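Close look at the chain arrangement
Here are the chains, one letter per residue:
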Amino acid sequence: MVVEDVKCKWCKVEEEDINHALLYCSSFKEVLEVHLSFLQDFQAHLDVLQILAHLVRRNKQGEIEKLFLCAWGLWYRRNQFLYEEKNLKPAEVLDNALSGYSEYQSALENQQQGCKPHCGWQLPPTGVMKLNTDGAIFHDFCRSGAGMVL
Ligand SMILES: [Zn+2]
C-alpha cells in the first residue's frame, strides 16, 4: 500500500487541496492579499468557487481576472517546485502573473474608445538600442527556438 504525503510542500502543516494551494497557504497568503486586497473582504476559508461566485454576482470582472492570473502564477510556482526543483518567491511569481494586466486594461480601454491598438515595431529613441526577442518551446517534439533582432 502506498500512502502519499498529502501535506503542503511549502508550509508542511496543512493538507494541500486546491483552496490551500491557491488561496490559503501561509507561504504566500500575505503577498497574495497585497495583490488581491479584495480577499480581505471575504470570510476566512471560503473556497475558490465561493469567492468566484461572490465576484460574479457583484460583477467584479477585474477582480475575477486578477484572481485567475494569481491562481495561474501560484500553480506555476507549485509545479516548478515539485517537478523542476525550483523555489520561486511568491512576490516574483505574482508580480509576473499580473505584469501584463495593466497593459491589457489600457489596450482594452483604447479599443473601447475606438483607438486601434498599435501592434507594429517602434523605433527606439535616439542613442538607445532595442533588442526584440521571441521564443517557442515544443514539448511534444523536444525542440525549442529563439530569435533576436538588435
Ligand atoms: Zn501550505
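Everything in this summary refers to the structure shown in the same document. (Residues numbered from 1 in each chain as written. Predicted model: local features only at pLDDT ≥ 70, side-chain atom pairs only at ≥ 80, totals over all residues. Heavy atoms only, no water.)

So, the overall build of the chain
- Across its full length, the chain carries six helices and two strands.
- Taken over C-alpha atoms, the radius of gyration comes to 20 Å for the chain, far larger than the 15 Å a tight globule of 150 residues would show.
- A sequence separation of at least 24 residues applies to 40% of the contacts in the chain between residues at least 6 apart.
- Split by element, the accessible area of the chain, about 11600 Å² in all, is 54% carbon and sulfur.
- The averaged location of the 20 negative side-chain charges in the chain is 3 Å from the averaged location of its 15 positive side-chain charges. (Helix = DSSP H or I, 4+ residues; strand = E, 2+ residues; numbered from the N terminus. Rg over C-alpha atoms; globule rule 2.2 N^0.38 Å. Contact = heavy atoms within 4.5 Å. Areas by Shrake-Rupley, 256 points an atom, 1.4 Å probe, with all protein chains shown as cover. Lys, Arg positive; Asp, Glu negative; His and termini not counted. Charge placed at Lys NZ, Arg CZ, Asp CG, Glu CD.)

Structural notes on the coordination of the zinc ion
- Here the zinc ion is held by Cys8 (SG), Cys11 (SG), His20 (NE2) and Cys25 (SG), and the distances to it run 2.1 to 2.3 Å.
- In this structure, the zinc ion is coordinated by four donor atoms arranged in tetrahedral fashion, with angles at the metal of 103 to 124°.
- All donors of the zinc ion come from a single chain, and their spacing in sequence reads C-x2-C-x8-H-x4-C. (Donors = N, O, S within 2.8 Å, 3.2 Å for Na, K, Ca; no water. Tetrahedral: all angles 85-135°; square planar, octahedral: opposite > 155°, others 65-115°.)

Re the pattern of salt bridges
- For the coordinates displayed, the defined rule picks out two salt bridges.
- The residue Glu16 makes a salt bridge to Arg78 at a minimum N-O spacing of 2.9 Å. Of the two residues, Glu16 is situated in the segment before helix H1 (18-24) and Arg78 in helix H4 (residues 61-84); the sequence distance between them amounts to 62 residues.
- The salt bridge involving Glu33 is made with Lys29; its shortest N-O contact spans 2.6 Å. In this pair, Glu33 and Lys29 both sit in helix H2 (residues 29-35), four residues apart, roughly one turn of the helix.
- The class of Glu33 is partly exposed, set by a relative accessible area of 21%. (Salt bridge = Lys/Arg side-chain N within 4 Å of Asp/Glu carboxyl O. Buried < 20%, exposed > 50% of the residue type's maximum accessible area, 1.4 Å probe, protein only.)

What about the environment of Ser37?
- Checked against the element boundaries, Ser37 lands in the loop between H2 and helix H3 (48-57).
- Counting along the chain gives 17 residues from Ser37 to His54, while the straight-line C-alpha distance between them is 15 Å.

A look at the packing of aromatic side chains
- For the structure on display, the rule yields three aromatic pairs.
- A ring pair is formed by Phe38 and Phe42, whose centres lie 6.5 Å apart and whose planes are at 85°; its orientation type is edge-to-face.
- Overall, Phe38 belongs to the buried group, its relative accessible area being 7%.
- On the basis of relative accessible area, Phe42 is assigned to the buried category, the value being 10%.
- Ring centres of Trp72 and Tyr76 lie 5.6 Å apart, and the angle between their planes is 15°; this geometry places the pair in the stacked category. Highlighted residues: Trp72 and Tyr76, both in helix H4, separated by four residues, approximately one helical turn.
- Since its relative accessible area comes to 37%, Tyr76 is described here as partly exposed.
- Geometry around Trp10 places Arg77 over its ring, the cationic atom sitting 3.5 Å from the centre. (Phe/Tyr/Trp six-rings, centres within 6.5 Å; stacked < 30°, edge-to-face > 60°. Lys NZ or Arg CZ within 6 Å of the ring centre and 35° of its normal.)

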